[in-house]
Amino acid sequence: MVIGAIVGSIIVPSIWEELQEFFASEPYVAVLVSQKTIDFEIPIDFMDGLLSAKMKQQEDVFISKNGNKVRIEQIEDFLSEEKTAIIANRLTTDENCILVIGNSNSTLTNINLDIFLGANNKVPFIMPIATDDNLLKKAKDANHNAILRMLPANSRQADLIERLVSKFAPNRKVAIYGDEENQSYSINLSRDIADKIRKKGGRIIIEELIGPSNSFYNSSFIWGLESIRPEVVIYVGVSHHGLLLLDQISELDISTPIIFTDGCLVTSLLSNTWKIPSRAFILSPAEFKEENLFLPSYRPIGEDAYTLASIIIKGSDGTRKGVRDYIANNKKDLSFVGKAGRYEFDPYGENEERDYFVYEIVGGKLKPYTDY
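Predicted model only: the values in this text are computed from it and were never measured.

Asks: Just give me the short version of the packing of helix H7 (residues 154–168) against helix H8 (residues 183–199), but keep the residues and values in it.
Replies: For the pair H7 and H8, interaxial distance at closest approach is 9 Å and the crossing angle is 45°. Classed by the angle they form, the pair H7 and H8 counts as oblique. Our pair here, H7 against H8, has a crossing hand that is right-handed. Contact with H7, carried on its side by Asn154, Ser155, Gln157, Ala158, Asp159, Ile161, Glu162 and Val165, involves Tyr185, Leu189, Asp192, Ile193, Lys196 and Ile197 of H8 and no other residues of that element. Residues of the contact of H7 with H8, tallied by class, amount to seven nonpolar, three polar and four charged.

Structure (structure tokens):
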């Protein structure tokens with residue numbers, strides 16, 4: 001929290017110039033996404049869905065219950081921890097920012113949440129992508145009840161992965177690789193998965209982060225030791241280093257089944273699984289229908305984020321306090337069935353009505369998997 005405040009107080013001129021246009025004299029909803037990153041399609045798909053929903057409504061603004069117009073402003077954070085802290089600090093001080101939707105991963109969301117929680121006039125916050133369990137725990141401890149998480153928390157993903165491990169690894173010997181790029185997501189989910197596997201009598205043979213400073217090859221010698229060789233690989237991270245993992249596993253011709261968590265739900269990863277001789281599986285917070293199984297996407301979640309924001313603005317007076325009070329006091333009224341599933345929030349903002357789905361990746365497409 002302190003780091004975010006310090007970074008936010010040092011405004012780099014070029015960044016400040018980019019942000020000036022967002023601080024106007026009318027209320028707006030800020031959508032913080034990272035669309036200018038290579039091979040990370042999740043925020044791009046999400047924003048496509050949100051803008052598509054906006055176009056269907058043929059309205060450029062939300063309308064509050066008393067007729068106030070509320071703009072939607074997209075702000076690029078480039079997956080940068082420094083830039084997102086600067087943006088979050090400026091949004092906190094701008095009273096016309098009445099609601100924030102973001103970010104593209106749990107690490108950036110954690111940074112922004114700390115800044116929002118430290119403000120006197122707390123910013124209402126919708127989390128459409130981040131699944132780190134600690135996010136809502138922090139909000140609860142700070143008594144900030146205007147936080148909503150649209151996706152199931154990591155704990156539900158960990159439960160499901162443990163069940164898959166029991167299917168693929170009879171001796172429960174497991175390798176878990178996290179992602180240096182999104183540690184808030186990777187470390188917490190990896191440890192939750194490891195804990196649940198150990199409680200069922202399993203063993204974690206490898207648990208490490210991979211990325212710019214560490215490679216899968218650093219633990220590759222273990223795969224040559226038959227007595228302790230892992231029976232299943234779990235990758236907890238986003239697609240960029242998931243693609244690297246596929247490349248390196250293919251070079252060693254490892255045939256162990258691999259399970260990807262939801263951060264890898266992108267077409268670029270699916271289309272590269274042909275490189276490995278093993279079966280590959282992936283978890284998704286959204287159910288994909290038969291007609292579009294070949295297109296895994298966060299687009300429906302983007303459409304649902306627009307719907308959720310619209311319900312909130314229509315029920316409020318279009319001010320930050322009004323939005324905050326409406327979310328805090330009317331969570332039951334925010335229930336709806338969207339494109340990606342049902343949304344029904346508990347008193348702390350957790351979506352109680354959603355779980356994860358398991359798909360096998362076959363020929364670059366998704367095939368529902370229920371045999372566990």
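Asks: Summarise the pairing of strand S4 (residues 97–102); cite the residues concerned and give the values.
Replies: A regular strand places its side chains on the two faces of the sheet in alternate fashion. Burial within S4 is extensive, with six of its six residues counted as buried. Across two bridges, S4 lies against strand S5 (residues 125–127) in parallel orientation. The residue bridging Ile101 from the neighbouring strand is Ile126, located in S5.

Asks: Give me the nonpolar core: which residues, what numbers.
Replies: Considering soluble globular proteins, one finds that nonpolar side chains tend to be buried as a cluster. Among the nonpolar cores identified, the biggest contains 69 residues, and Phe46, Tyr177 and Phe260 are the most heavily contacted of them. Ranked by residues supplied to this core, first place goes to helix H11 (residues 299–315) with seven residues. Contacts of Tyr177, omitting those with residues within four sequence positions, involve Ile206, Glu208, Ile210, Phe216, Ser219, Trp223, Val233, Ile234, Tyr235, Val236 and Leu245. Grouped together as the second largest cluster of nonpolar side chains are 24 residues, Ala158, Val165, Ile197 and Val236 included.

Asks: Explain the confidence of the model for the protein to me, using residue names and the numbers behind them.
Replies: With 92% of its residues at a pLDDT of 70 or more, the protein has an overall mean of 91. Throughout residues 1–13 the model reports pLDDT below 50, and contacts reaching past four residues in sequence, or to other chains, amount to 16 contacts.

Asks: Would you mind going over a nonpolar patch on the surface in detail, with residue names and values included?
Replies: On the surface, a nonpolar cluster with roughly 270 Å² of combined accessible area is contributed by Phe221, Leu225 and Ile228. Tracing the backbone shows Phe221 in the loop between strand S8 (203–210) and strand S9 (232–236). On the accessibility criterion, Phe221 (56% relative accessible area) is exposed.

Asks: I'd like a rundown of unusual backbone geometry, residues and numbers included.
Replies: Leaving glycine aside, a negative phi is the common case for residues, and trans is the common case for peptide bonds. With an omega of 0°, the peptide bond between Gly102 and Asn103 qualifies as cis. Within the secondary structure layout, Asn103 lies in the loop between S4 and helix H5 (106–117). In this structure, Gln58 is a non-glycine residue whose phi angle is positive, near 55°. Assignment of secondary structure puts Gln58 in the loop between helix H3 (42–57) and strand S2 (61–63). When its relative accessible area of 73% is taken as the criterion, Gln58 is described as exposed. Residues other than glycine seldom take positive phi values, yet Asn143 does so here, at roughly 60°. Along the chain, Asn143 falls in the loop between helix H6 (134–141) and strand S6 (147–149).

Asks: So what about the sheet that holds S9? Which residues, and what values?
Replies: Reading across from one edge, S8-S7-S9-S10-S11-S14-S15 is the order of the seven strands in this open sheet, with mixed pairing throughout. Of all strands in the sheet, those with a lone pairing partner are S8 and strand S15 (365–368), marking the two edges. Strand after strand, the sheet turns through a mean of 25° between neighbouring axes, direction not considered. Pairing analysis gives seven bridges linking strand S7 (residues 173–179) to S8, with the strands arranged parallel. The residue of S8 that forms the bridge with Ala175 is Ile206. In this fold H7 packs onto S7, S9, strand S10 (258–260), strand S11 (280–284) and strand S14 (357–362), with an angle of close to 160° to the strand it touches most, S11. The strands that H8 touches are S7, S8 and S9; relative to S8, the one it contacts most, it runs at about 175°.

Cut-offs and rules
Residues numbered from 1 in each chain as written. Predicted model: local features only at pLDDT ≥ 70, side-chain atom pairs only at ≥ 80, totals over all residues. Heavy atoms only, no water. Axes fitted to C-alpha atoms, helices over the stretch in contact; angles between N-to-C directions. Helix = DSSP H or I, 4+ residues; strand = E, 2+ residues; numbered from the N terminus. Parallel < 35°, antiparallel > 145°, perpendicular 65-115°, else oblique. Left-handed = near helix turned anticlockwise from the far one by under 90°. Contact = heavy atoms within 4.5 Å. Nonpolar A, V, L, I, M, F, W, Y, C, P; charged D, E, K, R; others polar. Buried < 20%, exposed > 50% of the residue type's maximum accessible area, 1.4 Å probe, protein only. Pairing = 2+ DSSP bridges. Core = buried A, V, L, I, M, F, W, Y, C linked by side-chain atoms within 4.5 Å. pLDDT = per-residue confidence, 0-100. Patch = residues over 30% accessible without salt bridge, like charges linked within 9 Å, V, L, I, M, F, W, Y side chains within 5 Å. Areas by Shrake-Rupley, 256 points an atom, 1.4 Å probe, with all protein chains shown as cover. Salt bridge = Lys/Arg side-chain N within 4 Å of Asp/Glu carboxyl O.

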